[in-house]
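# Remarks on the overall topology
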Amino acid sequence: MHVRHALTAAATAAASVLALGLVAAAPAQAAEYSSALKIKGVQYDAPGRDSNKCSGGNTKNEYLTIKNYSRSTTVNLRGYVVKDAAGNRFTFPATHKLQPGDYIKLRGNRGTDSDAKNVVYRQNCNFIWNNDKDTIYLYKPSGARADVHSYTKKSNDRDGNGYITYHG
């Protein structure tokens, strides 16, 4: 009887370890990145016919919205990197501070960055996001991933307006 109790205890312990292993593995697959900054949404397909001309083009109408979801921390965007699946990238070169709950739109084309208007321009007249599918990466200045989202027009843009919302 003593041996039987020992086997039952060992089996129970093994089952607990297995259960703990499964519980520990599950969050790693579904975990969000720990960052106050996240991608709020993307206008991946600028309204109208695509034209990447600096004068008269519509690349300024393609934008990425990044929001500070922290309740108490102001975040400086300097050194944050936005990248697409093909490796096109933009690094925030200047100080842009986002207060808790604040957002900024990273737009294509050339323009004057404005904290008051919550806008930063890529100073590049080429489109960055593909109109059919792409992946958007946001990296911290340390190189750690802050957020990532993949989309396809067919799966993620049900109303067909070229805009997808993430993180509400």
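Up top is the structure.
Below, the structure is looked at part by part.

Analysis parameters
- Position labels on residues start from 1 in each chain and follow its written sequence.
- Selection of residues for local features in this predicted model requires a pLDDT of at least 70, selection of side-chain atom pairs for listing and counting requires 80 or more, and totals for whole chains, interfaces and linings are taken over all residues.
- Calculation of side-chain values draws on the structure's entire complement of heavy atoms; hydrogens and water are dropped beforehand.
- Grid points spaced at 1 Å and placed over the protein atoms alone form the basis of the search, with a cavity being a set where a 1.4 Å probe fits but cannot get out and a pocket an open set showing protein on both sides within 12 Å along at least five of seven lines. Lining residues have an atom within 4 Å of a point.
- Grid points are joined across faces, edges and corners, and a volume is the space filled by probe spheres set on the points.
- The helix and strand labels rest on DSSP assignments: H or I over at least four residues marks a helix, E over at least two residues marks a strand, and numbering proceeds from the N terminus.
- Each residue is assigned to one of three groups, with Ala, Val, Leu, Ile, Met, Phe, Trp, Tyr, Cys and Pro labelled nonpolar, Asp, Glu, Lys and Arg labelled charged, and all others, Gly among them, labelled polar.
- Per-residue accessibility, obtained with a 1.4 Å probe over protein chains only, is compared with the maximum for each type, and a residue is labelled buried under 20%, exposed over 50%, and partly exposed between these values.
- Nonpolar cores are built from buried Ala, Val, Leu, Ile, Met, Phe, Trp, Tyr and Cys residues. Side-chain atoms within 4.5 Å join them into one set.
- For this analysis, residues touch if any pair of their heavy atoms sits within 4.5 Å.
- Salt bridge criterion: a side-chain nitrogen from Lys or Arg within 4 Å of a carboxyl oxygen from Asp or Glu.
- By this definition, two strands are paired if DSSP reports at least two bridges between them.
- Every axis in this analysis is a line fitted to C-alpha atoms, fitted for helices over the stretch in contact. Angles between the N-to-C directions lie between 0 and 180 degrees.

### Notes on empty space enclosed by the protein
The final tally for this structure, using the stated rule, is 1 cavity of 30 Å³ or more. What the largest cavity holds in volume is close to 40 Å³. Around the largest cavity, the lining residues are E62, Y63, L64, L106, R107, G108, R122, I128 and W129. Where the lining of the largest cavity is concerned, the elements lending two or more residues are β2 (63-68) and β7 (103-107). Of the residues contributing to the lining of the largest cavity, the split by class is 5 nonpolar, 1 polar and 3 charged.

### Side note on unusual backbone geometry
Phi is positive for N109, which is not a glycine, with a value near 80°. Owing to a relative accessible area of 6%, N109 belongs among the buried residues under this scheme. At Q123, a position not held by glycine, the phi torsion is positive, near 60°. Mapped onto the elements, Q123 comes out in the loop between β8 (119-121) and β9 (133-139).

### Description of the nonpolar core
One broad rule of soluble globular proteins: the nonpolar side chains tend to lie buried together. Counting residues in hydrophobic clusters, the biggest one holds 24 residues, and the most contacted among them are L64, F92 and W129. Not counting the four nearest positions on each side in its chain, L64 is found in contact with I39, G41, V42, V82, I104, K105, L106, W129 and I136.

### Regarding the pattern of salt bridges
Applying the stated criterion to the full structure yields 1 salt bridge. Its salt-bridge partner being D45, residue K153 comes within 3.9 Å of it at the nearest N-O pair. With K153 in helix α2 (residues 153-156) and D45 in the loop between β1 (37-43) and β2, this residue pair connects regions lying 108 residues apart in the sequence. The partly exposed category is assigned to K153, whose relative accessible area is 35%. Residue class for D45 comes out buried when judged on its relative accessible area of 17%.

### What about the sheet that holds β7?
Ordered by their spatial adjacency, 5 strands build an open sheet running β8-β7-β2-β1-β11, and the pairing between neighbours is mixed. Edge positions in the open sheet fall to β8 and β11 (163-165), since each of these has one partner strand only. Shown here is a sheet whose adjacent strand axes are inclined to one another by a mean of 25°, direction ignored. Judged from the 3 bridges that link them, β7 and β8 form a sheet pairing that is parallel. Each residue of the ladder has a partner; that of R107, found in β8, is Y121.

### Brief notes about the sheet that holds strand β10 (residues 145-152)
Strand order in this open sheet of 4 strands is β5-β4-β9-β10, and the pairing throughout is antiparallel. Since the sheet does not close on itself, it has two edges, and those belong to β5 (89-91) and β10, each with one partner. Strand-to-strand, the axes of this sheet are offset by a mean angle of 10°, without reference to chain direction. In this structure, β9 lies alongside β10, joined through 7 bridges in antiparallel fashion. Along β10, the bridge assignment pairs Y139 with R145.

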